[in-house]
Amino acid sequence: MTNFRNAMMAAAQTATGAAVTSVGNSALFDGATQYLNRTNGTPTSTVRWSFSFWFYRTDPNGGANQYLISDNDSYYWGALINSDNKFEVIWDAAGDKYDSVGLFRDIGWYHAVVATDTSQAVASNRIKVYINGEEIALVVAAGGVALNETTGIGTSGKQIQIGTLSASGPRLGHKGYIAELCFIDGTQSVPTDFGEFDSTGLYWTPKSSTAIKALTFGNNGFYLDNTTNAQTDASGEGNNFTNNNTVTTVSTNTPTLL
């Protein structure tokens, strides 16, 4: 079974070539009680949206699902590392989901992009997952996502939750760090919107905050850069989160820390 390798950001900083953009802070989640949540307004699109984020698990072989992002229970959408150490996008309570073929066993930083457009005529184009700049193979369960199917992420009045499965009773949460979390409402993004390879072509690195802020975020879009705190949106859209049980920011573990 293939193992995904982390982005090896420290090595990138010592490699010859262009300097790596510095990420100053990340947000730390305890996997149990700490999470961020926000209720959507009117979406730019109900079927087309993307997440980009860097993540680091402090308990990579815990034997339980660890949800990085989710909506509320009635819709059941989530992006997680499952109990088999696979990256999983679960779409609904019917069991429609997409699992990575490879495993995530390394301790270190990964960059993930989950890019969605359920209006695509070809089913395999509706959900795309990229890790460290490369599209990964996915195994589809229970038939996958239907044409123009929606979920809570693209629905007004539903929640986006960071670091947990359910804001009504946090469980199966992410234990570790998340940095540079973006939600793009209205676009099926590509990884080069958020990152790039350094001049050696070996190391995937984050784009600058200035480049990220120049993206079109859409009505519900946001950029959690952790500069001020974990919950404040830096995109200019003003889509701030509620910080529950004190998700803190740290400067001692980030995607670009030596």
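Residues numbered from 1 in each chain as written. Predicted model: local features only at pLDDT ≥ 70, side-chain atom pairs only at ≥ 80, totals over all residues. Heavy atoms only, no water.

1. Quick word on the overall build of the protein chain
Counting secondary structure elements, the protein chain contains two helices and 18 strands. Residues counted as buried form 54% of the 258 residues belonging to the protein chain. Put simply, of all contacts in the protein chain between residues at least 6 apart along the chain, 70% involve residues at least 24 apart. (Helix = DSSP H or I, 4+ residues; strand = E, 2+ residues; numbered from the N terminus. Buried < 20%, exposed > 50% of the residue type's maximum accessible area, 1.4 Å probe, protein only. Contact = heavy atoms within 4.5 Å.)

2. Overview of unusual backbone geometry
Phi is positive for Ala142, close to 60 degrees, though the residue is something other than glycine. Relative to the assigned elements, Ala142 resides in the loop between strand S11 (138-141) and strand S12 (159-162). Of note in the backbone geometry, Asn148 takes a positive phi value of approximately 60 degrees without being a glycine. Note that Asn148 resides in the loop between S11 and S12. Among the residues examined, Asn148 registers a relative accessible area of 42% and is labelled partly exposed.

3. Let's talk about the sheet that holds S11
Reading across the sheet, the eight strands line up as S11-S7-S6-S5-S4-S12-S2-S17 and stay open at both edges, with antiparallel pairing between neighbours. Looking at which strands have only one partner, the edges of the open sheet turn out to be S11 and strand S17 (242-244). Here the strands of the sheet are splayed against their neighbours by 25 degrees on average, with no regard to which way each runs. Where strand S2 (residues 35-39) lies against S12, four bridges are found, and the strand directions are antiparallel. Across the sheet, Arg38 pairs through a bridge with Ile160, a residue of S12. (Pairing = 2+ DSSP bridges. Axes fitted to C-alpha atoms, helices over the stretch in contact; angles between N-to-C directions.)

4. Observations concerning empty space enclosed by the protein
The final tally for this structure, using the stated rule, is two cavities of 30 Å³ or more. Size it by volume and the largest cavity reaches roughly 50 Å³. Taken together, Ala27, Phe29, Leu36, Ile162, Ile178, Ala179, Glu180, Leu181, Leu224, Asn226 and Ala230 form the lining of the largest cavity. Of all elements in the fold, only strand S1 (26-30) and strand S13 (175-185) reach the threshold of two or more residues within the lining of the largest cavity. Around the second largest cavity, the lining residues are Ser52, Trp54, His111, Glu180, Cys182, Phe194, Pro206, Lys207 and Ile212. Mapped by element, the contributors of at least two residues to the lining of the second largest cavity are strand S3 (48-57) and S13. (1 Å grid on protein atoms, 1.4 Å probe; cavity = no way out; pocket = protein on both sides within 12 Å on 5 of 7 lines; lining within 4 Å. Points joined across faces, edges and corners; volume = space filled by probe spheres on them.)

5. Re the confidence of the model for the protein chain
The predicted model of the protein chain averages 90 in pLDDT, with 89% of residues at 70 or higher. In the predicted structure, residues 8-17 sits below a pLDDT of 50 and forms 26 contacts with residues beyond four places in sequence or in another chain. (pLDDT = per-residue confidence, 0-100.)

6. Considerations on the pairing of strand S4 (residues 66-70)
Across the five residues of S4, five count as buried, placing the element largely inside the fold. One ladder, built from two bridges, connects S4 with S12; its direction is antiparallel. Its bridge partner lying in S12, Ile69 is registered against Ile162.

7. Looking at the pairing of strand S6 (residues 87-90)
One face of the sheet, then the other: side chains in a regular strand alternate in exactly this way. The alternating pattern of S6 places Phe87 and Val89 and Glu88 and Ile90 on opposite faces, both of which are buried. Taken together, the four bridges between strand S5 (residues 78-81) and S6 define a ladder with antiparallel strand orientation. Across the sheet, the residue bridging to Gly78 is Ile90, located in S6. Between S5 and the antiparallel strand that follows it, S6, lie five residues; Asn85 among them carries a positive phi value of about 65 degrees. Of the strand pairs in this sheet, S6 and strand S7 (residues 97-100) are connected by three bridges, and their pairing is antiparallel. The residue of S7 that forms the bridge with Glu88 is Asp99. Two successive antiparallel strands, S6 and S7, enclose a turn made up of six residues, where Gly95 displays a positive phi of approximately 95 degrees.

8. Topic: the nonpolar core
If you look at the biggest cluster of nonpolar residues, it comprises 36 residues, and the most contacted ones within it are Phe51, Phe53, Trp77 and Phe87. Looking at which element gives the most residues to this core, the answer is S3, with four residues. Excluding residues within four positions of it along the chain, Phe53 makes contact with Leu68, Ile69, Phe87, Tyr110, His111, Ala112, Ile178, Ala179, Glu180 and Leu181. With nine residues, the next largest nonpolar core counts Val113, Ala115, Cys182 and Ile184 among its residues. (Core = buried A, V, L, I, M, F, W, Y, C linked by side-chain atoms within 4.5 Å.)

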